[in-house]
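Descriptive analysis of the structure
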Amino acid sequence: MNTIIDILIMLSQTLNMIVIVWIIIGLLFAFNIVDPRQPFLYSVYDAINRLLAPLLNPIRRIMPDTGAVDFSPMVLLMAIWVFIRILVGLGPY
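For clarity, every value in this text was computed on a predicted model and none was experimentally measured. (Residues numbered from 1 in each chain as written. Predicted model: local features only at pLDDT ≥ 70, side-chain atom pairs only at ≥ 80, totals over all residues. Heavy atoms only, no water.)

**With respect to the side chain of Ser 72**
Among the structural elements, Ser 72 can be located in helix H3 (residues 72-90). In terms of polar contacts, Ser 72 uses its side chain to reach the side chain of Arg 60, at 3.2 Å. Within the structure, the side chain of Ser 72 is placed 2.8 Å from the side chain of Asp 70, a separation counted as a polar contact. Aside from chain neighbours lying at most four places away, what touches Ser 72 is Leu 56, Ile 59, Arg 60 and Met 63. (Helix = DSSP H or I, 4+ residues; strand = E, 2+ residues; numbered from the N terminus. Polar contact = N/O pair within 3.5 Å; in protein donor to acceptor, adjacent residues only side chain to side chain. Contact = heavy atoms within 4.5 Å.)

Structural data, given as structure tokens:
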């Protein structure tokens, strides 16, 4: 059972880092630090966007419209952190 909890914690932390990388790349594009037409970075951003879309779309439907600012990644990060805390509470740590 402890092994399963450890694997779930590692997967959650990996998802956490993927969300943070996606946010950083999006900010780099938004502030024109990096050209969005750069093929490699855009393909990484698009792949992560497609990976996170099933997780972010339900959150976006629930949250009120705030205009240009999207708070759904922050809500997803908080949900991941809560999930990790619950898993840590289940383990013998």
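Picking up where we left off.
**Observations concerning the layout of surface pockets**
Over the atoms rolls a probe the size of a water molecule, and in doing so it shows where empty space is left. In this structure, the largest pocket spans a volume of roughly 230 Å³. Lining the largest pocket, in full, are Trp 22, Ile 23, Gly 26, Leu 27, Ala 30, Tyr 45, Val 69, Asp 70, Phe 71, Pro 73, Met 74 and Leu 77. Here the element with the most residues in the lining of the largest pocket is helix H1 (residues 2-30); it accounts for five residues. In terms of residue class, the lining of the largest pocket is built from ten nonpolar, one polar and one charged. (1 Å grid on protein atoms, 1.4 Å probe; cavity = no way out; pocket = protein on both sides within 12 Å on 5 of 7 lines; lining within 4 Å. Points joined across faces, edges and corners; volume = space filled by probe spheres on them. Nonpolar A, V, L, I, M, F, W, Y, C, P; charged D, E, K, R; others polar.)

**Observations concerning the nonpolar core**
One recurring pattern in soluble globular proteins: nonpolar side chains tend to sit buried together. Formed by 13 residues in total, the largest nonpolar core has its most connected members in Ile 9, Val 19, Trp 22, Leu 52, Leu 56 and Leu 76. Of all the secondary structure elements, the ones that give two or more residues to this core are H1, helix H2 (39-62) and H3. With five residues, the top contributor of residues to this core is H3. Non-local contacts of Val 19, meaning those with residues more than four positions away in its chain, are made with Leu 52, Pro 73, Leu 76 and Leu 77. (Core = buried A, V, L, I, M, F, W, Y, C linked by side-chain atoms within 4.5 Å. Buried < 20%, exposed > 50% of the residue type's maximum accessible area, 1.4 Å probe, protein only.)

**Overview of the packing of aromatic side chains**
Note on aromatic pairs: each is described by the distance of the centres and the angle between the planes. Across all of its chains, the model carries two aromatic pairs by this definition. With centroids separated by 5.4 Å and ring planes inclined at 75°, the aromatic side chains of Phe 29 and Tyr 45 adopt a geometry described as edge-to-face. Of this pair, Phe 29 sits in helix H1 while Tyr 45 sits in helix H2, and the two are 16 residues apart along the sequence. An aromatic cluster of at least three residues, connected via ring pairs, comprises Trp 22, Phe 29 and Tyr 45. (Phe/Tyr/Trp six-rings, centres within 6.5 Å; stacked < 30°, edge-to-face > 60°.)

**Points about the pattern of salt bridges**
Scanning the entire structure with this criterion turns up three salt bridges. As a salt-bridge pair, Asp 46 and Arg 50 come within 3.1 Å of each other at their nearest N and O atoms. Placement of the pair is Asp 46 and Arg 50 together in helix H2, with a separation of four residues, close to one helical turn. When its relative accessible area of 23% is taken as the criterion, Asp 46 is described as partly exposed. Here Arg 60 and Asp 70 are joined by a salt bridge, their closest N and O atoms 2.9 Å apart. Placement of Arg 60 in helix H2 and of Asp 70 in the loop between H2 and H3 is noted, with a sequence separation of ten residues between them. On the basis of relative accessible area, Arg 60 is assigned to the partly exposed category, the value being 32%. Among the residues examined, Asp 70 registers a relative accessible area of 38% and is labelled partly exposed. (Salt bridge = Lys/Arg side-chain N within 4 Å of Asp/Glu carboxyl O.)

None of the figures reported here should be taken as evidence of function without further support.
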